Amino acid sequence: MHRGDCVLGRAPHCFLVLSTEQVSREHAAVRLVGDTLEIEDLQSRNGTRVNGRAVEGKRKLEPGDVIEVGGERLEVLRRVSRDQSPTVQGDAPEDPAAKAQRNILELIEELAARAAESKDREALVKTIRGLVDTLVQSTERSGRRLSRGEAVRLVSVAKMIAGWSHDAADKDWSVHVSRSVGQ
């Protein structure tokens, strides 16, 4: 692995922790090479797939690609800096509700990454659950559904949090989140 790799796996030190048993401790690495995003399977037990095809060695990723790791699906998104202005004149201004939902989702993911590394994650988990519930409620109130990629990201966090708990209520909450966002 290289410095700066985004490792996906079950181990708590991974950048993105996926808690299902089909995921290896260090399953795959995503890295930015120049301006190209690529993925590499790290000799995982169950393999890594992109758009349904097994990854052998390294593979370039494009926006819209769907990464499959141990039954979990992650969509590759094109990330644009919040400060970047539109490049085409006449672009419609961004819907404030959509921007708020995206910002909440990014905060949820940041807190989940911190919680994954924390020995005392209970307070963070309460905060994350509250934010997830707020995001789900805002989609229901506004009628603005999350994109497929946003829904996959939110459900991944909910499943990760449920995986940290032995309480059936947390598993039920994760299922509720998944159903609420259409996953």
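Before reading on, note that the structure itself is shown above.
What counts and how
Residues numbered from 1 in each chain as written. Predicted model: local features only at pLDDT ≥ 70, side-chain atom pairs only at ≥ 80, totals over all residues. Heavy atoms only, no water. Pairing = 2+ DSSP bridges. Helix = DSSP H or I, 4+ residues; strand = E, 2+ residues; numbered from the N terminus. Contact = heavy atoms within 4.5 Å. Axes fitted to C-alpha atoms, helices over the stretch in contact; angles between N-to-C directions. Parallel < 35°, antiparallel > 145°, perpendicular 65-115°, else oblique.

Chemist: Got a minute to help me understand the sheet that holds strand β6 (residues 53-54) in this structure?
Modeler: Two modes of strand pairing occur in sheets, parallel and antiparallel, and in both the strands are linked by backbone hydrogen bonds. Taken together, 4 strands build an open sheet; the order of strands is β6-β5-β8-β9 and the sheet is antiparallel. The open sheet terminates on both sides in strands that have one partner only, identified here as β6 and β9 (72-75). When strand β8 (residues 66-69) meets β9, the two strands line up antiparallel, connected through 4 bridges. The partner of Ile-67 across the bridge, within β9, is Leu-74. Sitting on the sheet, helix α3 (residues 148-163) touches β8 and β9, and the angle it makes with β9 is about 140°.

Chemist: Hey, could you run me through unusual backbone geometry in this one?
Modeler: Glycine aside, a negative phi is what most residues show, and trans is what most peptide bonds show. For Gln-43, which is not glycine, the phi dihedral falls at a positive 55°. Inspection of the secondary structure puts Gln-43 in the loop between β4 (36-41) and β5 (48-50). Of note, Asn-51 is a non-glycine position whose phi angle comes to about 55°, a positive value. The residue Asn-51 is located in the loop between β5 and β6 in this model.

Chemist: Can you walk me through the packing of α3 against helix α4 (residues 168-180) in this structure?
Modeler: Each pair of packed helices can be described by the angle between their axes along with the distance between the axes. Contact pair α3 / α4: the axes reach a minimum separation of 8 Å and the direction vectors enclose 175°. Classified by the angle between their axes, α3 and α4 sit roughly antiparallel to one another. Here α3 contributes Leu-154, Val-155, Ala-158, Lys-159, Ile-161, Ala-162 and Gly-163 to the contact with α4, which in turn contributes Asp-170, Lys-171, Trp-173, Ser-174, Val-177 and Ser-178.

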